[in-house]
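Results of the structural survey
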Amino acid sequence: MGEDDREAIRRGQVFAAETTTGELALQEARLWLGTPYQHQASLRGVGCDCLGLVRGVWRALHGAEPERPPPYRPDWAELGGRELLRDALTRRLIPLDVADARPGDVLLFRMAPDAPAKHCAVLSAPDRMIHAYWGRACVESWLGRWWRERLVAAFRFPEP
């Protein structure tokens, strides 16, 4: 290890070769904590909703977003069976068994039995998640029984 490496460690810099995509995703998601909730927004520190958080993490890892999300309602009242969010996440992220989700992975929730899955979060620990909380802000909260009962899918960001 050279002097430059030791200096980087002293300053707390992380080496890209030693950092997984999941760790990078989680680091970015943590930067969004405290961002006010704003429907359909995706600007760190200014405003975001749950999808806006995931979009922001994508941009930090990969640059420009590969597609623009369609208009969607701020509540979970959309019925009709179309899984627009799940389909989009499946196109761009790597689908996982929910039991295999690790910190930095995206979780998808169905808020009502007959409604499409409409809420997403970034797993931050086995029992914690980061998500945009309606009416408040981007927060880290407990992934308890209530949330686990609504968890329908998990996804991993692809390697940059």
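Summary of the structure given here. (Residues numbered from 1 in each chain as written. Predicted model: local features only at pLDDT ≥ 70, side-chain atom pairs only at ≥ 80, totals over all residues. Heavy atoms only, no water.)

1. Topic: the overall build of the chain
Definition in use: Counting from the N terminus, the helices are DSSP H or I runs at least four residues long and the strands are E runs at least two residues long. Each residue is placed in one exposure class: buried if its accessible area under a 1.4 Å probe, protein chains only, is under 20% of its type's maximum, exposed if it is over 50%, and partly exposed if it falls in between. By the convention used here, residues are in contact when the closest approach between their heavy atoms is within 4.5 Å. Throughout, the Shrake-Rupley method with a 1.4 Å probe supplies accessible areas, and for residues the shown protein chains are the sole cover considered.
When its secondary structure is counted, the chain shows five helices and eight strands. Secondary structure of the chain in N-to-C order comes out as α-α-β-β-α-α-β-β-β-β-β-α-β. A total of 160 residues make up the chain; the buried ones form 44% of that total. Taking the intrachain contacts of the chain between residues at least 6 apart in sequence as the baseline, contacts between residues at least 24 apart amount to 56%. Total accessible area on the chain is roughly 9,100 Å²; 54% of this is exposed by carbon and sulfur atoms.

2. Brief notes about the pattern of salt bridges
What counts, and what does not: For this document, the term salt bridge refers to a Lys or Arg side-chain nitrogen within 4 Å of an Asp or Glu carboxyl oxygen.
Taken as a whole and judged by the stated rule, the model has 11 salt bridges. Where R44 meets E28, a salt bridge forms, and the shortest distance between an N and an O atom there is 2.9 Å. Taken together, the residues span a long stretch of sequence, with R44 in the loop between β1 (42–43) and β2 (47–48) and E28 in helix α2 (residues 21–31) at a distance of 16 residues. With its nearest N and O atoms 2.8 Å apart, the salt bridge here joins R92 to E67. Of the two residues, R92 sits in helix α4 (residues 84–92) while E67 sits in the loop between α3 (50–62) and α4, which places them 25 residues apart along the sequence. What makes R92 partly exposed here is its relative accessible area of 34%. Judged by its relative accessible area of 28%, E67 falls in the partly exposed class. Several salt bridges share partner residues, and in doing so they unite R30, R128 and E140 into one network.

3. What to know about the pairing of strand β6 (residues 128–132)
Worth spelling out the cut-off: Only strands joined by at least two bridges in the DSSP assignment are considered to pair.
Among the five residues that make up β6, four are buried, leaving the element largely enclosed by the rest of the structure. In terms of strand pairing, strand β5 (residues 119–125) meets β6 through three bridges, oriented antiparallel. The residue bridging L123 from the neighbouring strand is M129, located in β6. Taken together, β5 and the strand that follows it, β6, pair antiparallel across an intervening segment of two residues. Remark: five residues form the turn of the hairpin made by β6 and strand β7 (residues 138–142), two consecutive strands paired antiparallel; G135 in that turn has positive phi of roughly 80°.

4. Digging into unusual backbone geometry
Positioned with a positive phi, Q40 is a non-glycine residue whose angle comes to about 65°. As for its position among the elements, Q40 is in the loop between α2 and β1.

5. A closer look at the nonpolar core
Side chains of nonpolar character tend, in soluble globular proteins, to be buried together. Heads up, the condition is: As used in this record, nonpolar core signifies buried Ala, Val, Leu, Ile, Met, Phe, Trp, Tyr and Cys residues forming a set joined through side-chain atoms within 4.5 Å.
Ranked by size, the top nonpolar core spans 28 residues in total, and within it L53, L89, V106, L108, C120 and F157 carry the most contacts. The element that contributes the greatest number of residues to this core is α3, accounting for seven residues. L96, A121, L151 and A154 belong to the second-largest nonpolar core, a separate cluster that totals 12 residues.

6. A look at the pairing of β5
In terms of burial, β5 is largely enclosed, as seven of its seven residues are buried. Bridge count for strand β4 (residues 106–109) against β5 is four bridges, and the pairing is antiparallel. Residue pairing in the sheet places V106 in a bridge with V122 of β5.

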